[in-house]
Amino acid sequence: MDLTYTPEQQAFRAEVRAWLEAHVPAQPLEHYDATREGFEAHRQWEATLKQGDWGMVTWPKEYGGRGVDLIQWLIFEEEYYRAGAPGRVNQNGIFLLGPTLMEFGTHEQKARFLPPMASGEEIWAQAWSEPQAGSDLAGVRATAVRDGDEYVLNGHKIWSSRAVFADWAFGLFRAPGTERHHGMSLIFFPLNAPGVTVNAIKKINGHVGFAEIFLEDVRVPAFNRLGDEGQGWHICMATAGFERGLMLRSPARYQVAAARLAELWEANRDSADPALEADVVRAFMNAEAYALNIYQTASRLMAGAKIGPEASTNKIFWSEMDIHLTETALGILGPQAELTQEAPDAASYDWMDDYIFSLAGPIYAGSNEIQRNIIAERMLGLPRK
Amino acid sequence: MDFTLNDEQRMFAETAQTLFGDTCTPDHWRKQMESGEARDDARWNAIVETGLTLLLLPEEAGGLGLTELDFALIAEKAGYVALPEPLAESAGVAAPLLAALAPDSEVLADPSATIAIQHPANPYVLDADLAGAIILHKDGEAYLATPDQVTLTREESIDPFRRLFKVEWDVANATPLGKADWDLALDRGALFCAAQGLGLAQRAVDLAVAYAQERQQFGKPIGSYQAVKHHLASAQVAIEFARPVVLAAAADIGKRDVQARARISHAKLVALEAAEKAAKASIQVHGAMGYSWEVDVHLFLKRALALKQYWGSPAFHRGRIANRMFTQPTGPDQTFARETENA
Ligand SMILES: Cc1cc2nc3c(=O)[nH]c(=O)nc-3n(C[C@H](O)[C@H](O)[C@H](O)COP(=O)(O)OP(=O)(O)OC[C@H]3O[C@@H](n4cnc5c(N)ncnc54)[C@H](O)[C@@H]3O)c2cc1C
């Protein structure tokens, strides 16, 4: 075990830091879920990132990446959050679909889809959930019928993040007549294809953060199927592993939040409830523990291990840590916490928005109840129902 | 950056696991409790022969010169069996302290002798009566005495295997050793408590998993019910996020700076919280069986409760973390930072 960075890793950090200092927009961008302008500003930022070859650093060069390892990816993420760079509007693409494509895609598919993903030219949404298939994802009903070199897609997807403004979606479809985990395929479709209707749904913060998608005889080339026909469930579980396990929530996000919380505490120490200091310390501990856990996982993966059901422990940990951290901030702010950003006395940072968002953490990416079932059954070996 | 264990470390840990697994079973505890035997001599001899007591001693004192990380892995396995003998305290804390002050000391020459330590952090001394020697503390100075040179008063612990003593002594009857590094002793003590906590926690979960697979209610194993699953899954999450902290703390203890001390404190807090949470969940899952003396879960709860307050209270350790937070930079590039880099 060697918990120091190599000179190469330090040089990489310095390179990332210098580039971000020169390029991160001075003014924060409008949120990508708030308006089309906010979304497009973020797309522009993705293009800028790509110019520096920072679109997705772990991908091979030929697909628009830098071919760096997972430790360097963590360093990149640390610098990214430290610099206060804009949120990644294409996170569904680069962090979820990207790694899955890398594992299951053909060379042609990678060459077609990864470079525009890395540059933000094509922004992706995940179209898995359906009104009747949420936690029970194996219950999806949307269908894909093979017709020559094409698939014809029909169905109703929902809760698809960023689908309102995105360009493409990756969806879970089944061959008619198949049931449960069998007969599913993972298929890509453009959100502006004939037969696709996207209706925005407002989140509890008022942003059009997700959408429902209706598909009526939408035709896509068979090329858009990832992996074999009927292998969709298996591939989706791999994606879910990335989602819960490593990529979706890199530790730096929480370390920055914990540092910001510590500042808030120091500024309000004299007026706030002294008991809250323990929660401020806890927030720091949680963020550190999460970072150490992820560094350990990254080291293990680099040594040849595969990510397993322990990915579900990450999902629970970061979602609960986020709620605890933001709740602590609201406690420190006291009566000021309820003021919106428009109020004259508003705090300089919108902790309430972070708190409201944190409440979605135990729901999306597979609810925490489902994650606990997975841990109990697949890690601990307790019997299924 | 390489946050993995090497083959040698894994091998040592496996050896210890096998040894403890074979020699420290519920049958052994029961026999020991009934007979009032403080120590299982056969097991202790096997531990000594395997070299586990020599791990942390420097080579010049006849030891193996390995690191706290190596020893932490052994301490974790000791926690898993709720080992009655004071391996962590004697070989992990007291022996290296003595070796730093008096490498030629006679007790060090006898690998089967345990060494007890009186530390300002702990009002009661563990296994003082059976020790080959007791390290004593006065005004920052260390002294050495044998049990018959001091006055011992037994203080009963809730944990049937923790033998605590109040030690009264006279400087005239002890050998002065000079100024000792009590801080390092505390760090080691806290670190190995944390490592034992990981083992205690995992054992509590494993016992409950085994029970939940067997025990039937409403016509099904209770482990198939979600409420039961979720108790144990939550405990497992706590373990998964304590373990890397303990390992990182063990790897960095030698740095001896603000960050290293805060990480040890972090490790101690979360590992013993995980142990307590797991033990409580395990008792709940066992139902009334879990509340009975017959079922072993209570041993793990009691050890966890004891270790939680031993080698520094939670408030003390939280204070060290707050000190790191408010005197050193924090943030995403500071996970592995050192005080000197930020000086
Ligand atoms: C902010 C946000 C963004 C999202 N983005 C996307 C996206 O981009 N793409 C996408 O496809 N989906 C997305 N989702 C949907 C998300 O994946 C689902 O909401 C989630 O899987 C839960 O499904 P559900 O909402 O239908 O709830 P249900 O499945 O109806 O569950 C309701 C409650 O019952 C519990 N429950 C259900 N079944 C069980 C069980 N077997 N055991 C114990 N408890 C159970 C759940 O844990 C939950 O608490 C998003 C959701 C949110 C909130």
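What counts, and at which threshold
- Residues numbered from 1 in each chain as written.
- Chains lettered and ligands numbered in written order.
- Predicted model: local features only at pLDDT ≥ 70, side-chain atom pairs only at ≥ 80, totals over all residues.
- Heavy atoms only, no water.
- Pairing = 2+ DSSP bridges.
- Helix = DSSP H or I, 4+ residues; strand = E, 2+ residues; numbered from the N terminus.
- Phe/Tyr/Trp six-rings, centres within 6.5 Å; stacked < 30°, edge-to-face > 60°.
- Buried < 20%, exposed > 50% of the residue type's maximum accessible area, 1.4 Å probe, protein only.
- Domains from an automatic or database assignment.
- Contact = heavy atoms within 4.5 Å.
- Buried area = accessible area lost by both parts, 1.4 Å probe.
- Salt bridge = Lys/Arg side-chain N within 4 Å of Asp/Glu carboxyl O.
- Polar contact = N/O pair within 3.5 Å; in protein donor to acceptor, adjacent residues only side chain to side chain.
- Nonpolar A, V, L, I, M, F, W, Y, C, P; charged D, E, K, R; others polar.

To continue, consider the sheet that holds strand S5 (residues 151-156) of chain B. Residues and elements named next belong to chain B. Strand order across the open sheet formed by 3 strands is S2-S6-S5, with antiparallel pairing between neighbours. Across the chains shown, the open sheet's two edge strands, defined by having one partner strand only, are strand S2 (125-126) and S5. Where S2 meets strand S6 (residues 163-168), 2 bridges bridge the pair, whose relative direction is antiparallel. Bridging across to S6, Leu126 finds its partner in Leu164.

Moving on: the packing of aromatic side chains. Residues and elements named next belong to chain A. Scanning all chains against the criterion turns up 34 aromatic pairs over all chains. A ring pair is formed by Trp54 and Phe76, whose centres lie 5.7 Å apart and whose planes are at 10 degrees; its orientation type is stacked. With Trp54 in the loop between helix H2 (36-51) and helix H3 (70-82) and Phe76 in helix H3, the pair connects residues that are 22 residues apart, well separated along the chain. Comparing Trp54 with Phe76, the two get one shared label, buried. Members of the aromatic cluster, each reached through a chain of ring pairs, are Phe12, Trp19, Trp45, Trp54, Phe76, Tyr80 and Tyr81.

It is worth spelling out the domain arrangement of chain B at this point. All names here are of chain B. Along its sequence, chain B is carved into domain 1 (7-180) and domain 2 (183-342). Placing a centre on the C-alpha atoms of domain 1 and another on those of domain 2 gives a separation of 22 Å. Between domain 1 and domain 2, the residue contacts involve 34 residues of the former and 33 residues of the latter. Each partner contributes to the roughly 3100 Å² buried at the junction of domain 1 and domain 2, and carbon and sulfur atoms together form 63% of this total. Counting every contact that joins domain 1 to domain 2 gives 4 salt bridges. The salt bridge involving Arg30 is made with Asp296; its shortest N-O contact spans 2.6 Å.

To continue, consider the interface of chain B and chain A. Each partner contributes residues to the interface: chain B has 46 residues there, and chain A has 55 residues. Taken over both partners, the interface formed by chain B and chain A buries close to 4700 Å², and the fraction arising from carbon and sulfur atoms is 70%. Of all residues in chain B, Met1, Phe241 and Pro332 of chain B give up the largest surface area on contact with chain A, accounting jointly for 18% of the area buried on that side. Taken together, chain B and chain A are joined by 5 salt bridges. Glu288 of chain A serves as the salt-bridge partner of Arg263 of chain B, at 2.5 Å between the closest nitrogen and oxygen. Scanning the region where chain B abuts chain A turns up 17 residue pairs in polar contact (both at pLDDT 80 or more). For the side of chain B that touches chain A, the secondary structure elements donating two or more residues are helix H7 (182-214), helix H8 (226-252), helix H9 (258-286) and helix H11 (314-327) of chain B. If one sorts the elements of the side of chain B that touches chain A by residue count, H8 of chain B sits on top with 16 residues. Considered class by class, the residues forming the side of chain B that touches chain A number 25 nonpolar, 12 polar and 9 charged.

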